[in-house]
Amino acid sequence: MNQVTDRPVWNWDVVWEHLPAIWDGMVVIIQATLAGITMAMILGLFLALGRRSERRWLSWPFAAFIDFIRSTPLLIQLFFVFFALPDMGIVLGARTSLILGLGVHYAAYASEAYRAGINAVEKGQWEAATALNLSTGTTWQKVILPQAIPKVIPALGNFLVAMIKDAPLGQSIGVAGVLFVARSIGSQTFQYVETMTIAGVLFLAVSVPAALFVQFLERKYGYEAA
Amino acid sequence: MVRMRGVTKAFGENVVLRELDMDVAPGEKVVIIGPSGSGKTTILRVAMTLERPDSGTVEIDGRHLYHQEKNGQLVTATEKHIRSVRSDVSMVFQHFNLFPHMTALENVTLAPIKVLGKSNEEAQEQAIRLLDSVGLGDKTGHRPSELSGGQKQRVAIARSLAIDPKVMCFDEVTSALDPELVGEVLGVLRKLAEEGEMTMMLVTHEMGFASEIADRVVMFDHGKILEDGPPSQIFKQPEHDRTRAFLQAVLQH
Amino acid sequence: MPDLILSGSNYARLMEGLVVTLQVLAGSVALGTLLSLFFGIGRLSNRAWVRRGSSVYVEFARGASAIILLFWMFFALPILFGIRGWSPMTAGILALGLNMGAYGAEIVRGAVLSVPKGQTEASIALNLTNTQRLRHVVLPQAVPVILPPYGNLMIEVMKGTSLVSLITLSDLAFEVQKLRVNAVVIAESATTPMLYLNVLAIYFVLAFVIDRLFKVAEHRVAARFGVKPPRAARAGRPTTGVGITG
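Residues numbered from 1 in each chain as written. Chains lettered and ligands numbered in written order. Predicted model: local features only at pLDDT ≥ 70, side-chain atom pairs only at ≥ 80, totals over all residues.

Novice: What exactly am I supposed to notice about the overall build of chain B here?
Specialist: Looking only at helices and strands, chain B has nine helices and twelve strands in total. Taking 253 residues into account, the globule formula puts the C-alpha radius of gyration at 18 Å, and chain B, at 18 Å, falls close to it. Residues classed as buried in chain B amount to 41% of the 253 residues present. Sequence-distant contacts, at least 24 apart, represent 62% of the contacts inside chain B between residues at least 6 apart. (Helix = DSSP H or I, 4+ residues; strand = E, 2+ residues; numbered from the N terminus. Rg over C-alpha atoms; globule rule 2.2 N^0.38 Å. Buried ≥ 20, exposed ≤ 12 C-beta atoms within 10 Å, placed from the backbone. Contact = placed C-beta atoms within 7 Å.)

Novice: Would you mind going over the pairing of strand 9 (residues 167–171) of chain B with me for this structure?
Specialist: Regular strands have side chains that alternate between both faces of the sheet. All names here are of chain B. Most of strand 9 is tucked away, with five of its five residues classed as buried. Side chains of strand 9 alternate between two faces, with V167, C169 and D171 and M168 and F170 buried alike. Summarising the sheet, strand 8 (residues 89–92) and strand 9 pair through four bridges and their orientation is parallel. The residue of strand 9 that forms the bridge with V89 is V167. Here five bridges tie strand 9 to strand 10 (residues 199–203), and the two strands are oriented parallel to one another. When the bridges of strand 10 are listed, D171 appears paired with V203. Read as a crossover between parallel neighbours, the route from strand 9 over helix 6 (residues 179–195) to strand 10 is right-handed. (Pairing = 2+ DSSP bridges. Right-handed = clockwise from strand over helix to strand, strands pointing away.)

Novice: Help me understand the interface of chain B and chain A, please; the structure alone is not making it clear to me.
Specialist: Reports often express the size of an interface as the amount of accessible area lost when the parts come together. On the side of chain A, 16 residues touch chain B, which itself brings 21 residues to the contact. Of all the elements in the fold, those that place two or more residues in the side of chain B that touches chain A are helix 2 (79–86), strand 8, helix 3 (104–114) and helix 5 (149–161) of chain B. With three residues, the single largest contributor to the side of chain B that touches chain A is helix 3 of chain B. Of the residues belonging to the side of chain B that touches chain A, the class tally is ten nonpolar, seven polar and four charged. (Nonpolar A, V, L, I, M, F, W, Y, C, P; charged D, E, K, R; others polar.)

Novice: Is there a simple way to explain the sheet that holds strand 11 (residues 216–221) of chain B in this structure?
Specialist: Pairing between the strands of a sheet is mediated by backbone hydrogen bonds and can be parallel or antiparallel. Residues and elements named next belong to chain B. The six strands are arranged 8-9-10-3-11-12 in an open sheet whose pairing can be described as mixed. This sheet does not close on itself; its edge strands, each paired only once, are strand 8 and strand 12 (224–229). Pairs of neighbouring strands in the sheet enclose a mean axial angle of 20°, with direction left out of account. (Axes fitted to C-alpha atoms, helices over the stretch in contact; angles between N-to-C directions.)

Novice: Hey, could you run me through unusual backbone geometry in this one?
Specialist: Excluding glycine, residues mostly have negative phi values, and the peptide bonds linking residues are mostly trans. Residues and elements named next belong to chain B. At D61, a position not held by glycine, the phi torsion is positive, near 50°. Here D61 is to be found in the loop between strand 4 (55–60) and strand 5 (63–64). Here H222, not a glycine, exhibits a phi torsion of approximately 50°, which is positive. Considering the arrangement of structural elements, one finds H222 in the loop between strand 11 and strand 12. For H222, a count of 15 C-beta atoms within 10 Å corresponds to the partly exposed category.

Novice: Sorry if this is basic, but what is going on with the environment of M200 of chain B here?
Specialist: Residues and elements named next belong to chain B. Locating M200 in the fold gives a position in strand 10. On the basis of neighbour counts, which here come to 20 C-beta atoms within 10 Å, the residue M200 falls in the buried class. If we skip the residues at most four places from it in the chain, M200 touches K29, V30, M168, F170 and A193.

Novice: Just to check I follow, could you spell out helix 5 of chain B for this structure?
Specialist: Note that an α-helix has 3.6 residues per turn; residues three or four places apart therefore point the same way. Relative to the 18 Å expected for 13 residues at 1.5 Å per residue, helix 5 of chain B spans 18 Å between its end C-alpha atoms, a close match to the ideal helical length. Across the 13 residues that make up helix 5 of chain B, a large majority, twelve, are buried. The elements touched by buried residues of helix 5 of chain B are helix 5 (123–131) of chain A together with strand 8, helix 3, helix 4 (120–133), strand 9 and helix 6 of chain B. (Expected span 1.5 Å × (residues − 1).)

Novice: Sorry, what's going on with the arrangement of the chains here?
Specialist: Interchain contacts are distributed over two pairs of chains, and the most extensive set of them lies between chains A and C. One finds no contact between chain B and chain C; the C-alpha atoms of the two approach each other to within 24 Å at their closest.

Novice: Explanation requested: the sheet that holds strand 2 (residues 14–24) of chain B in the structure shown.
Specialist: All names here are of chain B. Spatially, 2-1-4-5 is the arrangement adopted by the four strands of the open sheet, whose pairing is antiparallel. Edge strands, defined here as strands with exactly one partner in the open sheet, are strand 2 and strand 5. By the bridge criterion, five bridges tie strand 1 (residues 2–11) to strand 4 in an arrangement that is antiparallel. Bridge pairing in strand 4 links V2 to I60.

Just geometry here; none of it tells us what the structure is for.
Okay, here's the thing in structure tokens:
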């Protein structure tokens, strides 16, 4: 028996009673993560291309934006999206704000991964494209990106795993994710040990397979040398 | 076919081409030789728009590459114009630069389909023909990683031919090959030269080959043309000591 | 016209929060560094149980979400172990330090592995003990390789400190939330967007300062060795999401 609270250390009834609700919270997290990573992948490419622009007036703002996002906490960025944007006329719900926040934050990281992948494509490939008079669109679509993307995929996989771990931050703007649910049940029942532990276990149940999947991706794409 | 006037190019402090004038007639085979840093590779790259000249003009088949005519004046050309004129020039590289994620066939068909607008069947038929003519008809489905250096270079030549250029530039195309593979590539070049019509500009160290196929040999030195004449003259009776010294050094191998 | 700058008293409040942020950062980094060294080298140990135990810690702590770990530390741990007076500061430092230690351990491990084997062999030939070898030969040579990713890691931890605002610790993030709901603040000087932008800017400056400090350290260390700092490692923040972004 626990000396402070004079209760059993672990109460299984509590676990079974609240597991479904906490699992629902986990589902919310997964959904937000999937939406977020999709946004990050697309926006990240856009940011990377903008940063590569040869026109300083274009590339500099992109670089500054990327650096700023990567240097500041996701939490504050979420606050900004949820609390500050309404003042500027953009009102988004909690879940949308979370997805937007995750998407933009990780797009900044993704853009660096894209940049590395694109830079890794040999200079000679660009020259061959010029020698064949390929248009810019064709060059990107058929020559450069097909060689750059495989190198980017492991990094994107890592971002997915990182995003899963960051998505619970949504609880601070009211998203009914796994932490939000665990905390509210905990505050009602005072069964914090059980609820928080369930939350942690469920979380690992999702993030560990995801991490293994990423390792698989790294192996698969890491060795496909062009 | 190719007319260059007053072409100057510097990389930082290093002036690589100085007010260069050069002409290449249609169907002519010109071999460019010279020590490294003399500008011989740069001039090819300028013709291929891989380097922009700091000043001067380049004309391909009567059309200005880097300039446009507007109200009788020459102004800097738009990208669209450059691309349009560039379609008459192609280049084969020292390090092949084949697309590693495509088969040999796909390497050759990409540009005809995307740039010349040919249909899949047309492009494939042409590609098979070209790969056949360079002796690789049986390797169409192979990827570059599965080919030897000589084979890769031959695919590269077929790839450039597929876009139907009027001028082809060859930038030391055998220098990166193992010695025993050089011959097969030179064979293809010889064949191409003998067929007659293609205007060819080659930078090479293969002097024997050069004397065989060249109509003209041009010796570059410090960004200018030092000597210009038929192979028999340049190789047997060069005018300048510099040329003689260079040839002696190269032929020592 | 929204003011870009907040009024002075607001800054004072934010600075108070910043002090707390720095305290949490210092504590977490101290703990994290200790753990990194301990478990990073532990993973290379000859003794299987040390190796496996270290691996378990690293894998677990890397896979854990910092915020879930934090919440567990703050809410569940004190109840589980019957601890009274458990402060959010302690929970925060523990959680962030543990998380950081796992990533740091990998950095240390990679750096130690990068030291040429010949160094170890020479040490053995000179009959140095394992500890001496580590202390005098291997670690000093591992340091230049450790510094760049370690700087990036520290910036990640700095961002992670913002999480403690969610367990009621009055750090910079907490202060800005308090200011936001303070009607007086809004009326008198700043709009909400400006408020957050200012805070983001403060964090940005923090990141910048840490970055610079590490660059200086890298150059100093390299000068002692007579080599340049490894350029590849300096190519920006880690592209592997560290998961303790806050």
